[in-house]
Amino acid sequence: MASTVIRGGTVVTHDLTYSADILIENGRIAEIGPNLRGDETLDATGCLVMPGGIDPHTHLEMPFMGTYSADDFESGTRAALAGGTTMVVDFVLPGQGQPLLDGLQMWHNKSGRASCDYSYHMSVTWWGEQVWDDMPKVVEQGITTFKHFMAYKGALMVNDDEMFASFRRLGELGGTALVHAENGDVVAELQRKLMEEGNRGPEAHAYSRPPQVEGEATNRAIMIADMAGVPLYVVHVSCEEAHEAIRRARQQGKRVWGEPLIQHLTLDDSEYRHPDWDHAARRVMSPPFRDRHHQDSLWAGLQSGSLSVVATDHCAFTTQQKRFGLDDFTKIPNGTGGLEDRLPMLWTHGVATGRLTPNEFVAVTSTNIAKILGCYPRKGAVRVGADADLIVWDPEKTKTITASAQQSAIDYNVFEGHEVKGLPRFTLTRGYVAVHDGEIRTREGHGEFVAREANTPVSRALSTWKELTAPRPVTRTGIPASGV
Ligand SMILES: NC(=O)NCCC(=O)O
Ligand SMILES: [Zn+2]
Ligand SMILES: [Zn+2]
């Protein structure tokens, strides 16, 4: 295989910034240093060379709310690479009563079309002995993160007793628990009441999911995870109430991470008051967009380290699909896109504004999640031996986001009209140049499944601590005689 040199750029990792060339051989980084030579040269003059983005939260071709999300592994990973993301982690969603391994096979069948590397989280959508038995087999196959929906009552939601049992099992297996944290019982009741009162439009979606439902569920999940002895990752943290629970838990030494989305960081709830029904419905997702006060909290969390990862929850539905809920907001498929836009939007609103340093940008888009997921330093690193999943980032390159130029299969973009400054000049997936000076050259099927390690350092540390502090019977010498 021909070698490639990225020449003349500034390498930016989560902890270092320095000038160097990078030599790539057989899909891996072979050498980092000055004046390197290879068969092909990519000019990185004026650019930053960073680990490719990892998006740990996507739903590609996902069966949900009576339909399927519109981007599949082909269009989804093409969108990812176009925006500088080189690995996605999608959610396997077994049906009710379906064995986890069957669900996993369904996802393997779909992901063969991926253009970049990918992994999965397993979703615990129901509970029983079979799930308990299957969990170690799933972990053996390199899927170590298990998602629990605390919302979507009557569909994906699991109850507290099921969640506690699953969390304990995961703790034993050295895995990590994920939660969609919203109080599904309260949401269902608010939905019913709003509909009854004639609140049927997309804005009622936001009214039915106030920050309190997220704050309560986040805190509950944290406490259940702590009692079960398992690290916890809270997906799509959208508000101060949820962030506060995570911040407090982390200050107490609990092993909890929070993941805000680029949508919640940059778009607000005024979108739901838009006079055009389609405009508002296209932005219906759970949790909903929030106001400025919550956005400021999320940015502060990324700056201070109480929030760790920026994802997309890419779950794209067309306008036609959104119209399933024309006279009933509870039927609007929940989800928005963002795979192509996450990095440029975060750079523009984070780095260019001074909220984040370039190194922090790398941490929250790539390195932190690679460590949490157990695939670092193969992913999320610029170092010899790592996969050559790299972006050559031009901080001066600009564009206006528009659906007509996007890779995603849907007919709109929630960031339509946003100007971004900072875009990939080249995106490399295991050494292959999928974005070449802005031109998309993705190869369907190039992507490979990334098996991940259980028992990450954090998981081991937590198990050690829990074992040390486990309840033990008190050994007593003077036991009083029984009164019988
Ligand atoms: N977030 C959302 O609205 N849709 C995708 C499914 C989920 O993550 O809850
Ligand atoms: Zn969710
Ligand atoms: Zn999701």
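An unreviewed UniProt entry lists the protein under the name D-hydantoinase/dihydropyrimidinase, with Rubellimicrobium rubrum as the source organism. What UniProt states about the protein under its Subunit (unreviewed entry) heading is, verbatim, "Homotetramer." Here the protein is described in UniProt, under the heading Sequence similarities (unreviewed entry), as follows: "Belongs to the metallo-dependent hydrolases superfamily. Hydantoinase/dihydropyrimidinase family."

A. Structural view of the overall build of the protein. Secondary structure assignment for the protein yields 15 helices and 20 strands. Here the C-alpha radius of gyration of the protein, 23 Å, is about what a compact globule of 484 residues would show, namely 23 Å. Counting only C-alpha atoms, the protein reaches 90 × 65 × 40 Å along its principal axes. Residues classed as buried in the protein amount to 56% of the 484 residues present.

B. Main features of the packing of helix H2 (residues 100–111) against helix H3 (residues 129–140). The geometry of H2 relative to H3 is characterised by a closest axis approach of 9 Å and an angle of 45° between their N-to-C directions. The angle between H2 and H3 falls in the class oblique. Packed against H2, whose contacting residues are Leu100, Leu101 and Leu104, the element H3 presents Val131, Asp134, Lys137 and Val138 at the interface. Split into classes, the residues belonging to the contact of H2 with H3 amount to five nonpolar, no polar and two charged.

C. Fine view of the UniProt feature "domain: Amidohydrolase-related" (unreviewed entry) in the protein. The feature "domain: Amidohydrolase-related" (unreviewed entry), as annotated in UniProt, sits at residues 48–92 and 291–419 in this numbering. Between the C-alpha atoms that bound residues 48–92 there is a distance of 34 Å. The span itself is 22% helix and 49% strand. Annotation note: span residues 291–419, helix share 33%, strand share 9%, distance between end C-alpha atoms 21 Å.

D. Broad picture of the pairing of strand E13 (residues 145–149). In terms of residue burial, E13 counts as a mostly covered element, since five of its five residues are buried. Relative to E13, strand E12 (residues 117–123) runs parallel, the two being bridged by two bridges. Counted as the bridge partner of Ser123 is Lys147 from E13. Regarding topology, H3 serves as the crossover connection from E12 to the parallel E13, and that connection is right-handed. Across five bridges, E13 lies against strand E14 (residues 176–180) in parallel orientation. Residue pairing in the sheet places Phe149 in a bridge with His180 of E14. In this region the chain leaves E13, passes through helix H4 (residues 160–173) and returns to the parallel neighbour E14; the handedness of that crossover is right-handed.

E. Examining the sheet that holds strand E19 (residues 432–436) more closely. Reading across from one edge, E3-E2-E7-E17-E18-E19-E20 is the order of the seven strands in this open sheet, with mixed pairing throughout. In this open sheet, the two edge strands, each paired with only one partner strand, are strand E3 (17–19) and strand E20 (439–440). Here helix H1 (residues 73–82) sits on the sheet in contact with strand E18 (419–429), E19 and E20, set at roughly 75° to E19.

F. Region of interest: the environment of Asn334. Considering the arrangement of structural elements, one finds Asn334 in the loop between helix H12 (319–322) and helix H13 (342–351). Judged by C-beta crowding, with 22 C-beta atoms within 10 Å, Asn334 ranks as buried. Note: C-alpha distance between Asn334 and Asp72 (262 residues apart in sequence) is 17 Å. Apart from the residues lying within four places of it in its own chain, the contact partners of Asn334 are Met65, Val284, Met285 and Ser286.

Conventions and cut-offs
Residues numbered from 1 in each chain as written. Chains lettered and ligands numbered in written order. Predicted model: local features only at pLDDT ≥ 70, side-chain atom pairs only at ≥ 80, totals over all residues. UniProt positions renumbered as here; feature names shortened; annotations may be inferred. Helix = DSSP H or I, 4+ residues; strand = E, 2+ residues; numbered from the N terminus. Rg over C-alpha atoms; globule rule 2.2 N^0.38 Å. Buried ≥ 20, exposed ≤ 12 C-beta atoms within 10 Å, placed from the backbone. Axes fitted to C-alpha atoms, helices over the stretch in contact; angles between N-to-C directions. Parallel < 35°, antiparallel > 145°, perpendicular 65-115°, else oblique. Contact = placed C-beta atoms within 7 Å. Nonpolar A, V, L, I, M, F, W, Y, C, P; charged D, E, K, R; others polar. Pairing = 2+ DSSP bridges. Right-handed = clockwise from strand over helix to strand, strands pointing away.

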